[in-house]
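# Structural description and commentary
Okay, here's what each chain looks like letter by letter:
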Amino acid sequence: MKIKLIFIAGCFALCQNLMAQDTLKLSIEDAEKLFLKNNYQLLLAKYEIEQAKADVITAKLFDNPELSHENLFYNHETKRFLETSYATGQFSTQISQLFKLAGKRNKSIALANTAVKLQEFEYFDLIRTLRYQLRTNFFKLHSLQQSANIYKVQIAALQQLIDASSKQLILGNVAAKDVLRIKSLLYNLLAEELQVKNEMAGLTNDLKLLTQIDAATEIQTISDKPTENQSLNKQAYTTLLEAAKANRIDLKSAQTAITYAQQQLKLQKANAILDVQLSLAYDLKGNYPEKYTGLGISIPIPLFNRNQGEIKRAKVAVEMQEVAFNQLENTLKNEVFQAYQNAERIEKLTTNMDENFHNDYQQLIQEVTNNFKKRNIGLLEFLDFYESFKETTLQHHQLQYERINALEEINFVTGTNIYK
């Protein structure tokens, strides 16, 4: 029995060690590498590019020639099947080739190549969008993990204070209502910590989906990017707008979509020009003279269908893409301006803050806790300081995140990495 217990205890300890090792310390650089390597959405987008490239191969191919053959099935005079001899047989053979005119093949190739560019632009714009989501999730998670550490420290300190106060309550040195007030503060902190952990769980799940990290792995974020060094650097709005116009992939995609629609219009106009089919025929005895060889040409008569509907559709598509481009360009201007204003507001706020305030406040709360233990200050004053410290610390972490996020938003709306 003892051996079994020792074995079970050893297995339990081993499992605990394995679980303790299942924690991944993740930096933003490592997260981006995993994202680019493993993200399923990016992998699917790559396949779509390859499919578009296959359409280019198809567009380059010429039409296959057509071969037709007709043979005498049954000769009732000789009572034989499928005779091909000159004396008693008969057959005719024809080979034909379609020749597309008006440069339809070259126009189709150009259209397919533009489609490949559109797929590539969609791929890179997907990277831009998901990368922004990855980075904002990462820095938000890092901020919440710092806040969770604050809750952990405060909860541990309050628990110690409750234990000490409970002993003093037994001795009659403190009032029961004071102990209850401290416990009430502890329970509030525990409830708030739970909310933070739930939000962290959601962000962690999103981060794992983006990077394909195993679901059972615990992520501990590492950020070597000090927010104090992140600054707007007085970048002019016009400079950021020009950078967005030059680098936004979705704007390039919209411009390419206009080109695609224009190429489609040219192809549909070319389709209105009829193609020619040439043929070479041989007939053993069914024509005059025998052993007949003939050269043929066929061309449809454009009496009813001159591709009017597809040409109209292509013209409308060009106008639609031009409107979509103008709309996107206007949206881009507003996005850049809004992101710039947000960053500027946060920059002004953080510039006027005392850099040593947070550290000084941490020292103050430690002194307040010691003075409360020594009964130098009352419970209400202690609780007020403690609540104020918690709120100030959480706001400090949130402001750090907002500062980084504002610069990340500028990178996103400009399609650049101006702020790294």
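Residues numbered from 1 in each chain as written. Predicted model: local features only at pLDDT ≥ 70, side-chain atom pairs only at ≥ 80, totals over all residues. Heavy atoms only, no water.

### With respect to the packing of aromatic side chains
Cut-off, in case you're wondering: Here is the rule: rings of Phe, Tyr and Trp (six-membered ring for Trp) pair when centre to centre is within 6.5 Å. Planes less than 30 degrees apart are stacked, more than 60 are edge-to-face, and the remainder are tilted. Should the NZ of a Lys or the CZ of an Arg lie within 6 Å of a ring centre and within 35 degrees of the ring normal, that charge is described as sitting over the ring.
Summed over all chains, the structure comprises eight aromatic pairs. Residue placement shows Lys 285 over the ring face of Tyr 86; its charged tip is 5.5 Å from the ring centre.

### Examining the pattern of salt bridges
The cut-off we apply is this: In the sections that follow, a salt bridge refers to a side-chain nitrogen of Lys or Arg positioned within 4 Å of a carboxyl oxygen of Asp or Glu. By definition, any uninterrupted DSSP run of H or I lasting at least four residues is a helix, any uninterrupted run of E lasting at least two residues is a strand, and each is numbered from the N terminus. Working definition: with a 1.4 Å probe on protein chains only, accessible area under 20% of the residue-type maximum means buried, over 50% means exposed, and in between means partly exposed.
Enumeration over the complete set of coordinates arrives at 17 salt bridges. We note a salt bridge from Arg 128 to Asp 250, for which the minimum N-O separation is 3.6 Å. Of this pair, Arg 128 sits in helix α4 (residues 104–171) while Asp 250 sits in helix α7 (residues 249–271), placing them 122 residues apart in sequence. Assigned by exposure class, Arg 128 and Asp 250 land together as buried. With a closest N to O distance of 3.9 Å, Arg 313 and Glu 310 form a salt bridge. In this pair, Arg 313 and Glu 310 both sit in helix α8 (residues 308–351), three residues apart, roughly one turn of the helix. Overall, the relative accessible area of 59% leaves Arg 313 in the exposed class. A residue is classified by how much of its surface remains accessible, and Glu 310, at 36% relative accessible area, is partly exposed.

### Remarks on the side chain of Asn 307
To keep things clear, this is the line we draw: By definition in these notes, contact holds between two residues if any of their heavy atoms fall within 4.5 Å.
Mapped onto the elements of the fold, Asn 307 is located in the loop between β8 (292–298) and α8. Since its relative accessible area comes to 15%, Asn 307 is described here as buried. Discounting chain neighbours no more than four positions away, the residues touching Asn 307 are Gln 268, Asn 271 and Ala 272.

### Concerning the confidence of the model for the protein
Quick note on the threshold: Note on scores: pLDDT gives the predictor's confidence for each residue, bounded by 0 and 100.
Of the residues in the protein, 90% have a pLDDT of 70 or more, and the chain-wide mean is 87. Note on residues 1–21: pLDDT under 50 across the span, and zero contacts to partners over four residues away in sequence or across chains.

### Describing the sheet that holds strand β7 (residues 276–283)
The pairing of strands in a sheet comes from backbone hydrogen bonds and takes either a parallel or an antiparallel form. Put simply, the test is: At least two bridges found by DSSP between two strands are what make those strands a pair. Axis lines are fitted through C-alpha atoms, for helices just across the contact stretch, and the angle between N-to-C directions can take any value from 0 to 180 degrees.
If you trace the four strands from one edge of the open sheet to the other, you get β2-β5-β7-β8, paired in antiparallel fashion. Looking at which strands have only one partner, the edges of the open sheet turn out to be β2 (66–71) and β8. Across the sheet, the axes of successive neighbouring strands diverge by a mean angle of 15°, strand direction being ignored. Summarising the sheet, β7 and β8 pair through seven bridges and their orientation is antiparallel. Bridge assignment links Gln 277 to a residue of β8, and that residue is Ser 298.

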